[in-house]
Amino acid sequence: MNGPATASSEISYSATREDLYSPWARGDYFSACQPLTESGLCVEIARLVYCRKHSSFAFDRDKIQEVLGRLNFTQFQFFESRQDLEDRGTHCILALRNPGDRDKKLAVVAFRGTDADDPFDLADDADIVLTSWQKGGRVHRGFANALEEIWPDLDRALQPIDCRVLFTGHSLGAAMATLLASARKPDFLYTFGSPRVGDAEFVTRLDDIPCFRYVDCCDLVARIPPDPLGYMHVGKPYYINAGRRLVRNPDEADMRQDQNEAREEYILRYSWRMGNVAMRDLADHALINYVSAILAEGRRP
């Protein structure tokens, strides 16, 4: 069941299990228009990197290159960690736009988030022990291990890059993008539905990196691992409220009230419908809901 998130909102909202667990299934990447902002570009690329073959977890490279080619991306490198096991595990792309034009040249590094059918992703998510990090502080051991699987090849690929670089990802992909930003500074970091990644010392390592951390209303993943375990978030949130509008670093009490009202409305409108996610806290993690809100914000005058 898709529809407006609230009676006053004209921005689409999806409560379906398919959109939550199969972000690639909908397709229609960049279908509305070319993104008007870098956040719009990154959120759609974060969705695109979920695109995989039907027979394995491997990237659908032809599809990804065809979609990004329409946006003048012409050079691609793909990083996949477990090609001997149906390409399970970590997935990342490096894409270059306008490589021959110094003024318009842009590199985007995007990580795939958790694939619900991939046990290696689920194991990485569950390994929440804090471990020492090469650049300082302590970080989630599962996320660190996931990045390490492709780090040598990705590090070599980034060394010759001589243009603006954006790092991005959703969910587990957002966590790996954040870790990468601490090891190799990007121009901007865009994350969507990111879990907490490390402790306070780790967070200070990213103080000088412009970070756009988007949180969709009740998104449960953005609240884990819990801070009593020693975790902290990087940067202030760009919060998508129940009316599907972006609010920069909202007051905590206002945000809690907005979330409670959103949960009540969700029960009345969505929870009981067949094919929908039962809880708003899970449905708000669906990447398509980030896409619709962020693209709508970019089109506002």
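In the block above lies the structure referred to throughout.
Let me sum up the structure you'll find in this document. If you're wondering where the values come from, they're calculated on a predicted model, not measured in any experiment.

### Quick word on the packing of helix 5 (residues 141-148) against helix 7 (residues 172-183)
Item 1. It is at 9 Å that the axes of helix 5 and helix 7 come closest, and there the two elements cross at 75°. Of the possible angle classes, the one that applies to helix 5 and helix 7 is roughly perpendicular. Facing Phe 143, Ala 144, Ala 146 and Leu 147 of helix 5, the residues of helix 7 in contact are Leu 172, Ala 175, Met 176, Leu 179 and Leu 180.
Item 2. Of the residues assigned to the contact of helix 5 with helix 7, the class counts are 9 nonpolar, no polar and no charged.

### Notes on the pairing of strand 8 (residues 164-170)
Item 1. Along strand 8, 6 of the 7 residues are buried, which leaves the element largely enclosed by surrounding structure.
Item 2. The pairing of strand 5 (residues 106-111) with strand 8 spans 6 bridges and is classified as parallel. Within strand 8, the position partnered with Phe 111 by the bridge is Gly 169.
Item 3. Both strand 8 and strand 9 (residues 188-192) contribute to a ladder of 5 bridges, which runs parallel. Following the sheet pairing, Gly 169 is matched in strand 9 by Thr 191.

### Some thoughts on the nonpolar core
Item 1. Ile 45, Leu 68, Phe 73, Ile 93 and Phe 192 are the most contacted members of the largest nonpolar core, which has 46 residues in total.
Item 2. For this core, the leading source of residues is helix 11 (residues 287-299), giving 7 residues.
Item 3. In this structure Ile 93 touches Ile 45, Val 49, Phe 59, Ile 64, Leu 68, Gln 77, Phe 78, Val 108, Val 109 and Ala 110, once residues within four positions along its chain are discounted.
Item 4. Counting 37 residues, the second-largest nonpolar core is a separate cluster that includes Trp 133, Phe 143, Ala 144 and Val 234.

### A look at the pattern of salt bridges
Item 1. Enumeration over the complete set of coordinates arrives at 21 salt bridges.
Item 2. Between Arg 47 and Glu 44 there is a salt bridge; the shortest N-O distance is 2.8 Å. Here Arg 47 pairs with Glu 44, and both are found in helix 2 (residues 38-48), just 3 residues apart, close to one helical turn.
Item 3. Overall, the relative accessible area of 2% leaves Glu 44 in the buried class.
Item 4. Across the salt bridge formed by Asp 162 and Lys 105, the nearest N and O atoms sit 2.7 Å from each other. In this pair, Asp 162 sits in the loop between helix 6 (151-158) and strand 8 while Lys 105 sits in the loop between strand 4 (88-97) and strand 5, placing the two residues 57 residues apart along the sequence.
Item 5. What makes Asp 162 partly exposed here is its relative accessible area of 48%.
Item 6. The network of salt bridges with common partners includes Arg 52, Asp 115 and Asp 117.

### With respect to the environment of Leu 282
Item 1. With respect to the secondary-structure elements, Leu 282 resides in helix 10 (residues 280-283).
Item 2. Each C-alpha atom, one on Leu 282 and one on Leu 220, is 6.0 Å from the other, the two residues being 62 residues apart in sequence.
Item 3. Here Leu 282 is in contact with Leu 20, Leu 220 and Val 277, once residues within four sequence places are set aside.

Rules used in this analysis
- Residues numbered from 1 in each chain as written.
- Predicted model: local features only at pLDDT ≥ 70, side-chain atom pairs only at ≥ 80, totals over all residues.
- Heavy atoms only, no water.
- Axes fitted to C-alpha atoms, helices over the stretch in contact; angles between N-to-C directions.
- Helix = DSSP H or I, 4+ residues; strand = E, 2+ residues; numbered from the N terminus.
- Parallel < 35°, antiparallel > 145°, perpendicular 65-115°, else oblique.
- Contact = heavy atoms within 4.5 Å.
- Nonpolar A, V, L, I, M, F, W, Y, C, P; charged D, E, K, R; others polar.
- Buried < 20%, exposed > 50% of the residue type's maximum accessible area, 1.4 Å probe, protein only.
- Pairing = 2+ DSSP bridges.
- Core = buried A, V, L, I, M, F, W, Y, C linked by side-chain atoms within 4.5 Å.
- Salt bridge = Lys/Arg side-chain N within 4 Å of Asp/Glu carboxyl O.

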